[in-house]
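# Survey of secondary and tertiary structure
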Amino acid sequence: IFPGPFLPVGLSRNCFGDTNALIRREVFAALGGFSEEACVEDWDLFIRACLAGFHLEAIPLPLYFYRVHSDSRFRSLSLDAIRQTVRRPYRQALPPALHGLLSLAQGQALRIETLEAEARRLSDALRAALSLPATPKRPDTLREFERTVRNMRKALLRKVADGAKPVSPRP
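First, a word on what this report is: a plain description of the structure on this page. (Residues numbered from 1 in each chain as written. Predicted model: local features only at pLDDT ≥ 70, side-chain atom pairs only at ≥ 80, totals over all residues. Heavy atoms only, no water.)

## Description of the packing of helix 3 (residues 41–51) against helix 5 (residues 79–93)
- Viewed as axis vectors pointing N to C, helix 3 and helix 5 meet at an angle of 15°, and their least axial separation amounts to 10 Å. Comparing the axis directions of helix 3 and helix 5 gives the class roughly parallel. In this structure, helix 3 crosses over helix 5, and the sense of that crossing is right-handed. Across the interface between the two elements, Trp43, Asp44, Ile47, Arg48 and Leu51 from helix 3 touch Ile82, Thr85, Val86, Pro89, Tyr90 and Ala93 from helix 5.
- Looking at side-chain class alone, the contact of helix 3 with helix 5 contains eight nonpolar, one polar and two charged residues. (Axes fitted to C-alpha atoms, helices over the stretch in contact; angles between N-to-C directions. Helix = DSSP H or I, 4+ residues; strand = E, 2+ residues; numbered from the N terminus. Parallel < 35°, antiparallel > 145°, perpendicular 65-115°, else oblique. Left-handed = near helix turned anticlockwise from the far one by under 90°. Contact = heavy atoms within 4.5 Å. Nonpolar A, V, L, I, M, F, W, Y, C, P; charged D, E, K, R; others polar.)

See below:
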């Protein structure tokens, strides 16, 4: 799912585009160009553009291949440095009393991504386990189980959004 240029989502993932962007010269100049303090310069520029009221249009299609080598600069960036870079323009736009919400929002987004990855892992494991000799009821049973897992995931995400703390399963 590609959310497009949506500022609240931009705090936790780059929904704006990538390094292969076309930017009008006057917009680039009005924003002061790329920030030398940013480790993800394009993401920072897109956030600043949206916060400044410029229109951003993202094409949700894979238009080119972007290969990342194991020793590339991108791989060497720490998640903390990326989060700090992304928070900077939001901090400048918000009153100081709300700055703590930025870290909280990023933390909640990271928690949700972790839960989604775990749900995908469990779903894949279930699919692999159910690929044993099929019984006539298996497809309906699988759909029912997947529906139950989706409903449980939604309920869990609602609880996390409401402030519930995750509980580790018992060994």
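## A look at the layout of surface pockets
- Volume-wise, the largest pocket comes out at about 1600 Å³.
- Along the wall of the largest pocket there are 48 residues; nearest its centre are Asn14, Phe16, Gly17, Asp18 and Phe46.
- Elements represented by at least two residues in the lining of the largest pocket include exactly helix 3, helix 4 (73–76), helix 5 and helix 6 (99–129).
- Of all the elements, helix 3 adds the most residues to the lining of the largest pocket, at six residues.
- Among the residues making up the lining of the largest pocket, the classes are represented as 32 nonpolar, seven polar and nine charged. (1 Å grid on protein atoms, 1.4 Å probe; cavity = no way out; pocket = protein on both sides within 12 Å on 5 of 7 lines; lining within 4 Å. Points joined across faces, edges and corners; volume = space filled by probe spheres on them.)

Honestly, it's all geometry; don't read function into it.
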